[in-house]
Amino acid sequence: MNLTTRYMGMSLRNPVIVSSSGITQSVEGIERCAEAGAGAVVLKSVFEEEIQARTRGAVESSLFPTSFPEGQDYVERYSHERAFSHHLELVRKAKQAVPIPVISSVHCVSSGGWTDYASRLQDVGADGLELNVFVLPTDFRRDSRSYEDVYFRIVEAVRRNVSIPIALKIGSYFSGLARTAVELSRSVDALVLFNRFYRLDIDVEELRVVPAEPFSDPGESVIPMRWISILSGRVECDLAANTGIHDGTGVVKQLLAGATAVQLCSALYRQRAIEYLSTILDDVSAWMARHGFRSVDEFRGKLAQENSDDPAAHERVQFVLQTADRSLT
Ligand SMILES: Cc1cc2nc3c(=O)[nH]c(=O)nc-3n(C[C@H](O)[C@H](O)[C@H](O)COP(=O)(O)O)c2cc1C
């Protein structure tokens, strides 16, 4: 079976990418992903807030007086280098260790000073850069446009500093998701739909707020699948599906919907085996054989909205006739 895929301008041996997570925070984990057959890996994100906090601390505790801005600039640059150093080292070592594309990842909330530093990631060999951007829209005074602007400003600032391909990983909290995705797609090489964020839960016995389950369930994959199917062919960049993809069938569904590639990690955590990737890939190949497809390109986007006889089905949101309701009576 020919599973090769072009994603962000890179050639992947297959469309299954291990997403940014603890699995990809060490060279050993990255090597295991490559051995198990991953098409590419996205490294664990380096966090902008962490970089900014360290830089602020260094500037505040530096001996340079505020009247000496060159000195402060020096401290700032030096602490950026240090805050980034672990990640830079990971990129460098991963590139030496595995033959598959290594995509660096930065979690960012602003287009502030760190973006000047993005070029260091490409200097050490990152094949691409994924920007994991999210600002929870909780400010009652801000309108949706001002939240959306954050994404555009970050992409613009990073673009100025790097020439490697850029992916933007977003959540689904947009009031005008279709239009925003199309506009963003003009400036990035891929959109990753959707990130699954840290979630809150409530412990009703202890009466306190607690972290929710960190890993996704397969049922969650219908949300990215719907949006991939709607956006496929309408955006000007690649689309990577993410969240809730746990098996070969899950991968096939996203590809049929129009995804260029898929990203996953919970499946590997839940199976407690990075090697489970090879089962996923075998299942994709077996499905292709059963359906007479020899390459991913032959079926990608077959069930996207733009190719559908019933486009309204992709936008249906209300239950009309409830078989479930009937079963109760
Ligand atoms: C333990 C853990 C750590 C994660 N760390 C990051 C991260 O640093 N950066 C990021 O963009 N996503 C991170 N994610 C999110 C995953 O990359 C992915 O978007 C999400 O888990 C949905 O995919 P899944 O359903 O296959 O788990 C993390 C997820 C988990 C479970």
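For the structure, check the block above.
First things first, this report covers the structure right here in the doc. None of the values given here were measured: they were computed from a predicted structure.

Things to note about the overall build of the chain
- From N to C terminus, the chain includes eleven helices and 13 strands.
- Counting the 329 residues in the chain, one finds 50% classified as buried.
- Surface accessibility of the chain: about 16600 Å² in total, with carbon and sulfur atoms responsible for 51%.

A closer look at the side chain of Lys169
- Looking at where Lys169 falls in the secondary structure, it is placed in strand S8 (residues 166–170).
- In contact with Lys169, other than residues within four places in its own chain, are Ser20, Glu130, Leu131, Asn132, Val133, Val192, Asn195 and Asn242.

Quick notes on helix H10 (residues 276–291)
- Across its 16 residues, H10 extends 23 Å between first and last C-alpha, which sits within 8% of the 22 Å expected from 1.5 Å per residue.
- For H10, every residue scored as buried is listed here: Tyr276, Leu277, Ile280, Leu281, Val284, Trp287 and Met288. Mapping the buried residues of H10 onto a view down its axis gives an arc of 150 degrees, with all of them on the same face. Projecting away from the buried face of H10 at angles above 90 degrees are the exposed residues Asp282 and Arg290.
- Trailing H10 by a residue or two, Gly292 shows a phi angle of about 75 degrees, which is positive.

Brief notes about the site of the ligand
- Near the ligand you find 20 residues, and of these Ser20, Ser45, Ser216, Asn242 and Ser266 are the closest.
- One of the side-chain N or O atoms of Ser19 is found 3.1 Å from an oxygen atom in the ligand.
- Between the ligand and the protein, one listed contact pairs a nitrogen atom with a side-chain N or O atom of Lys44 at 2.8 Å.
- Out of a free accessible area of 610 Å², the ligand has 88% covered by protein chains.
- Of the residues that constitute the shell around the ligand, the class distribution is six nonpolar, eleven polar and three charged.

Some thoughts on the nonpolar core
- One finds Trp114, Leu131, Val158, Leu168 and Leu191 to be the most contacted residues of the largest nonpolar core, which totals 82 residues.
- Looking at which element gives the most residues to this core, the answer is H10, with seven residues.
- In this structure, Ile17, Ile103, Ala190 and Val192 belong to the second largest nonpolar core, which totals 13 residues.

What counts as what
Residues numbered from 1 in each chain as written. Predicted model: local features only at pLDDT ≥ 70, side-chain atom pairs only at ≥ 80, totals over all residues. Heavy atoms only, no water. Helix = DSSP H or I, 4+ residues; strand = E, 2+ residues; numbered from the N terminus. Buried < 20%, exposed > 50% of the residue type's maximum accessible area, 1.4 Å probe, protein only. Areas by Shrake-Rupley, 256 points an atom, 1.4 Å probe, with all protein chains shown as cover. Contact = heavy atoms within 4.5 Å. Expected span 1.5 Å × (residues − 1). Arc of directions from axis to C-beta. Near = heavy atom within 4 Å. Polar contact = N/O pair within 3.5 Å; in protein donor to acceptor, adjacent residues only side chain to side chain. Nonpolar A, V, L, I, M, F, W, Y, C, P; charged D, E, K, R; others polar. Core = buried A, V, L, I, M, F, W, Y, C linked by side-chain atoms within 4.5 Å.

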